[in-house]
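# Overview (structure and organization)
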Amino acid sequence: MHHVIVGNSIAGVEAALAIRRRDAAARITVVSAESDHPFSRPGLMYVFCGQLRAEDTELYDRELYARLRFTRVRERVVGVDVKGKSVRFAGGGELAYGRLLLAVGSKARRLPFAPAAGDAGARGASLADGGSSTASPVRGTAEGDTRADPLHHFVTRDDADRLDAAARPGMSVAVVGGGLVGVEVAEILHHRGLHVHWLVREPWTWPVALDRAEAALVESRARASGVDVRTGWAVSGMRKEGAGVVLTGPNGELAVDLVVAAIGVVPNTGFLVGSGVALAADGAVETRDDLSSTSAPDVYAAGDCANVTWADGSRRPETLWYTARDQGRAAGAAMAGEPVRYRRISWTNSAKFFDLEYSTAGFVPLAEVGGRTQPGPGRWQTWSHVTPDGASLRIVLRDGEVMGLNALGRRWDTEVWLRWIREKRTLRAVLVSLQEARFDEEFTPAFVAPTIGTIEEGA
Ligand SMILES: Cc1cc2nc3c(=O)[nH]c(=O)nc-3n(C[C@H](O)[C@H](O)[C@H](O)COP(=O)(O)OP(=O)(O)OC[C@H]3O[C@@H](n4cnc5c(N)ncnc54)[C@H](O)[C@@H]3O)c2cc1C
């Protein structure tokens with residue numbers, strides 16, 4: 001059996017490993033144009049800042065593929081023939097498959113008034129304010145791109161290399177987008193010595209993950225570092241002026257040398273349009289929830305490009321590193337003929353926004369997310385507290401059992417948090433044992449939680 005895996009990142013490599021574990025003789029080919037060695041995409045910012053070398057972020061030793069007899073094809077796939085069972089390459093030529101995994105991840109969502117070359121995923125994307133400009137568009141980073149183009153993104157290694165070449169100390173930059181990648185890009189460009197304007201359309205930063213009080217902590221830390229944070233600042237157009245760009249919107253105009261659009265990602269699936277592999281409206285590949293198949297025979301999907309069902313019943317990609325890993329493992333097992341059900345793990349993440357610690361574990365929905373006011377069945381409640389020295393903790397409960405925790409300003413042991421979630425602890429049980437999950441006890445003061453107090457209904 002020839003297994004062809006399109007995508008050489010976490011979902012793709014984990015699928016290849018899962019197949020090899022079950023089938024020593026299988027022929028396995030991994031296709032991607034990005035880099036020969038899969039690397040940590042969340043680690044891109046550390047490479048940009050010079051804190052890590054690119055090699056340090058590689059997931060496995062460089063001999064792995066040779067040792068496990070994976071064939072590596074450095075090509076971009078531009079078409080799939082599901083009847084003839086082959087993929088077509090941008091550089092010409094085709095490759096026949098017995099089973100095909102689509103692990104093509106996502107790419108930066110383009111600003112709607114600066115469209116990139118045609119792609120289903122990108123076409124489905126738009127800023128909710130739907131603004132457009134009559135000024136001459138500034139092109140995105142796809143075909144026709146030039147090094148001099150002042151519009152950037154930060155999702156692929158190419159994006160990072162291009163920004164690295166362009167961003168020089170003393171320049172001004174507008175980072176458009178208040179999410180995780182937006183805050184990371186604002187931070188790394190500030191670190192490099194650029195004058196950073198961080199433009200967030202929403203009333204507060206990263207509203208899908210942070211509530212207003214949590215976001216205020218991030219914003220005040222960014223401001224204290226010298227970043228010009230502008231919340232409620234929508235961008236609806238842009239025009240080139242000299243070597244730079246003028247951004248326009250209801251709040252006025254802003255002239256900068258560079259723009260980094262960090263307004264989310266879209267599935268990398270333009271080449272699948274019309275192939276017979278069913279895509280959702282957002283461009284993601286429709287999959288069964290256990291990742292055992294897509295709409296096309298012998299075609300599987302995993303990672304950022306795959307649509308799965310969330311706890312609230314909605315279908316969308318998870319776009320998280322560890323879930324992409326687990327999806328790759330499940331899809332690989334299915335390709336090797338072993339029915340392994342994919343189940344989303346209780347997810348954790350830790351990061352630092354400027355010097356503000358961030359930890360999250362489990363499911364911590366906010367009522368406003370995507371207009372979904374009910375995160376799922378059951379009685380949802382939120383308890384939260386911000387300490388006078390700027391640390392926050394938010395605990396989400398369903399039917400009295402802890403579902404997730406979200407914190408800023410202190411480092412927490414998220415493995416302990418996950419255990420509490422597995423144990424279905426009550427709020428009281430979590431609060432009395434908070435110190436069990438402390439990290440860096442000698443350097444940071446304890447988080448002192450008040451008595452339980454008011455619990456907000458409806459998460
Ligand atoms: C800056 C940044 C920071 C992040 N930080 C975090 C974090 O802190 N925590 C977290 O959980 N997640 C984070 N993420 C998200 C996480 O990186 C993704 O969820 C994860 O990388 C998805 O893995 P994947 O294997 O599905 O796809 P990707 O990592 O997107 O890889 C896709 C692969 O497919 C290949 N490919 C795409 N199209 C084609 C084609 N047509 N032909 C051939 N090959 C193709 C690409 O070259 C690549 O090898 C971050 C993402 C970014 C961009």
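Each remark here, short or long, concerns the structure printed above.
A brief report on the enclosed structure follows. From a predicted model like this one, the values you see are computed outputs, not experimental measurements.

Under the counting rule described, the total for this entry stands at one cavity of 30 Å³ or more. For the largest cavity, the calculated volume is near 30 Å³. Surrounding the largest cavity, Asn-8, Ser-9, Ser-32, Glu-34, Ser-35, Pro-38, Phe-39 and Arg-41 form its lining. Grouping the amino acids of the lining of the largest cavity by side-chain chemistry returns two nonpolar, four polar and two charged.

Here we come to unusual backbone geometry. Look at Asp-298: it is not a glycine, yet its phi comes out positive at around 60 degrees. Along the polypeptide, Asp-298 turns up in the loop between strand E18 (285-286) and strand E19 (299-301). Its relative accessible area of 25% is what places Asp-298 among the partly exposed residues. Residues other than glycine seldom take positive phi values, yet Thr-319 does so here, at roughly 50 degrees. Among the secondary structure elements, Thr-319 is positioned in the loop between strand E21 (315-316) and helix H8 (321-335). In this structure Thr-319 comes out as partly exposed when scored by relative accessible area, which is 38%.

Around the ligand, a shell composed of 33 residues is seen, among which Ser-9, Arg-41, Val-77, Asp-304 and Trp-321 lie nearest. Side-chain polar atom of Arg-41 to an oxygen atom of the ligand: 2.8 Å apart, as the coordinates give it. A distance of 2.8 Å separates a nitrogen atom of the ligand from a polar backbone atom of Val-77. Taken by itself the ligand offers 990 Å² of open surface, and the protein chains cover 92% of this. Put simply, the parts of the chain that give the shell around the ligand at least two residues each are helix H1 (10-22), helix H6 (180-192) and H8. Counting residues per element, the shell around the ligand draws most heavily on H6, which supplies three residues. Of the residues that constitute the shell around the ligand, the class distribution is 17 nonpolar, 10 polar and six charged.

According to the stated counting rule, one finds 29 salt bridges in the structure shown. Between Glu-253 and Arg-239 there is a salt bridge; the shortest N-O distance is 3.1 Å. Taken together, the residues span a long stretch of sequence, with Glu-253 in strand E15 (residues 252-256) and Arg-239 in strand E13 (residues 237-241) at a distance of 14 residues. In this structure, Asp-290 and Arg-288 form a salt bridge, with 3.4 Å as the shortest nitrogen-oxygen distance. With relative accessibility at 12%, the residue Asp-290 sits in the buried group. Take Arg-288: its relative accessible area is 48%, and that puts it in the partly exposed class. Each of Glu-14, Arg-325, Asp-326 and Arg-329 takes part in one network of salt bridges that share partners.

Next up on the list: the pairing of strand E20 (residues 306-309). Note: E18 against E20, two bridges, orientation parallel. Paired with Glu-286 across the bridge in E20 is Asn-307. Pairing of E20 with E21, which is carried by two bridges, proceeds in the antiparallel orientation. Counted as the bridge partner of Thr-309 is Arg-315 from E21.

One open sheet holds the five strands; their spatial order is E3-E2-E1-E7-E19, and the pairing between them is parallel. Either end of the sheet is taken by a strand with one partner, and the two such strands are strand E3 (70-73) and E19. Each strand axis lies, on average, 20 degrees off the axis of its neighbour in the sheet, ignoring direction. Sheet analysis places strand E7 (residues 99-102) next to E19, joined by three bridges and oriented parallel. The residue bridging Leu-102 from the neighbouring strand is Ala-301, located in E19. Contacting strand E1 (2-6), strand E2 (27-31), E3 and E7, H1 runs over the sheet at an angle of about 165 degrees to E1.

Thresholds applied
- Residues numbered from 1 in each chain as written.
- Predicted model: local features only at pLDDT ≥ 70, side-chain atom pairs only at ≥ 80, totals over all residues.
- Heavy atoms only, no water.
- 1 Å grid on protein atoms, 1.4 Å probe; cavity = no way out; pocket = protein on both sides within 12 Å on 5 of 7 lines; lining within 4 Å.
- Points joined across faces, edges and corners; volume = space filled by probe spheres on them.
- Nonpolar A, V, L, I, M, F, W, Y, C, P; charged D, E, K, R; others polar.
- Helix = DSSP H or I, 4+ residues; strand = E, 2+ residues; numbered from the N terminus.
- Buried < 20%, exposed > 50% of the residue type's maximum accessible area, 1.4 Å probe, protein only.
- Near = heavy atom within 4 Å.
- Polar contact = N/O pair within 3.5 Å; in protein donor to acceptor, adjacent residues only side chain to side chain.
- Areas by Shrake-Rupley, 256 points an atom, 1.4 Å probe, with all protein chains shown as cover.
- Salt bridge = Lys/Arg side-chain N within 4 Å of Asp/Glu carboxyl O.
- Pairing = 2+ DSSP bridges.
- Axes fitted to C-alpha atoms, helices over the stretch in contact; angles between N-to-C directions.
- Contact = heavy atoms within 4.5 Å.

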